[in-house]
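# Structural description and commentary
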Amino acid sequence: YHARETGANYSLYDPTHDPHNPRRLALMAELRQAIENDQLQLHYQPKIALATGGMIGAEALLRWQHPKTGMIPPDQFIRSAENTGLIKPLTDWVLGTGLRQCSEALASGALRHLAINISARSLHDLRFPNLVGKFLKASGIAPEKLMLEVTESAFMVDLQRTVETLAVLSHMGILISIDDFGTGFSSLNYIKKLPVNEIKIDKSFVSDMTSNENDLSIVRSIIELGHNLGLKVVAEGVENKATLDSLAALGCDYCQGYYISRPLPHERFKDWPGHASG
Ligand code: C2E
Ligand code: CA
Ligand code: CA
Ligand code: CA
């Protein structure tokens, strides 16, 4: 049976994700060095409460300043890092750096929580909660101030194990957010099994919700579903006032997007106005 070599798989071939692709191998070798040589940065994007406009948290987003090619966006290296095992040192770096840079703001309450993106791969590792615990201990930050953003795709690979790992993390007091909600897993069954605090509506639905009836319906349904399950609902990708107003009218809890603030380097994030107004 030759289906594998011919039709179906061929269309899925993407050279940048081929483990033997030389360009990718070189990129991963450079990423390994970048982790060691301080070429990585975290940018922080505020998350605000729609009711008050106050900042309730921030999301750390990875940036790679490559000495030759300039800024490389995370979409261009995260997946390769997952497939080559580099995601482990990368996630360690993000956790360590994020908690260290935000420790003061988290301790004073200026920042209520720091959200970090976690790849599915980390959640399939039963040692991951222990690792997170070590980082929290080292930084002296309460687990309730750390939120982990997990995409739905994590549940497609190994639902059982992902649920187990998340249960341990949640039991430790760590907050869990389901990222890119609505884009991945078609069955909603998993969400009942999960200790989740919030769901984040994917920006692909949010960006056109004021002009596209279908997107508006999806956003409305996700907000209703989230609230029925007792969860907070966040909208990402809010780029204008019309979208913000529409989300507020629908009862969405929190939002994030360029209209409020772009992701900012730590130096600028520290002075972001939301810090002062709480
Ligand atoms: P994500 O977690 O869904 O992050 C949201 C993305 O939307 C970010 O892109 C952010 O900069 C962008 N964004 C924020 N507001 C707006 C807006 O108003 N309009 C539009 N069009 N975009 C907006 P970014 O920083 O390029 O990150 C892309 C993805 O890379 C993230 O998607 C996340 O899945 C992944 N990523 C980023 N940092 C990390 C990390 O530290 N670890 C892991 N595992 N993944 C990361
Ligand atoms: Ca995210
Ligand atoms: Ca997202
Ligand atoms: Ca995304």
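Look up: the structure comes first, before these words.
Residues numbered from 1 in each chain as written. Chains lettered and ligands numbered in written order. Predicted model: local features only at pLDDT ≥ 70, side-chain atom pairs only at ≥ 80, totals over all residues. Heavy atoms only, no water.

As a further point, take the site of ligand 1. Taken together, the neighbourhood of ligand 1 is formed by 21 residues, with R63, N117, D179, E239 and Y258 sitting nearest. Isolated, ligand 1 exposes 790 Å² of accessible area, and the fraction of that covered by the protein chains is 85%. Those elements that provide at least two residues to the shell around ligand 1 are strand 2 (55-66) and strand 6 (175-181). At four residues, the largest contribution of residues to the shell around ligand 1 is made by strand 2. Classifying every residue of the shell around ligand 1 by side-chain character gives eight nonpolar, five polar and eight charged. (Near = heavy atom within 4 Å. Areas by Shrake-Rupley, 256 points an atom, 1.4 Å probe, with all protein chains shown as cover. Helix = DSSP H or I, 4+ residues; strand = E, 2+ residues; numbered from the N terminus. Nonpolar A, V, L, I, M, F, W, Y, C, P; charged D, E, K, R; others polar.)

Bringing the coordination of the calcium ion (ligand 4) into the picture now. Ligation of the calcium ion (ligand 4) by protein atoms is provided by D180 (OD) and D180 (OD), these donors lying 2.8 to 3.1 Å from the ion. The calcium ion (ligand 3) is placed at 3.8 Å from the calcium ion (ligand 4), the two being bridged by D180. In this structure, D180 sits in strand 6. (Donors = N, O, S within 2.8 Å, 3.2 Å for Na, K, Ca; no water.)

The next thing to look at is helix 6 (residues 128-139). For helix 6, which comprises 12 residues, the first-to-last C-alpha distance of 17 Å matches the rise-based estimate of 16 Å (1.5 Å per residue) to within 8%. Every buried residue of helix 6 is listed here: F128, P129, V132 and L136. Along the long axis of helix 6, the arc covered by the buried residues comes to 95°, so they all point the same way. Of the residues in helix 6, the exposed ones pointing more than 90 degrees away from the buried face are N130, K134, K137 and A138. (Expected span 1.5 Å × (residues − 1). Buried < 20%, exposed > 50% of the residue type's maximum accessible area, 1.4 Å probe, protein only. Arc of directions from axis to C-beta.)

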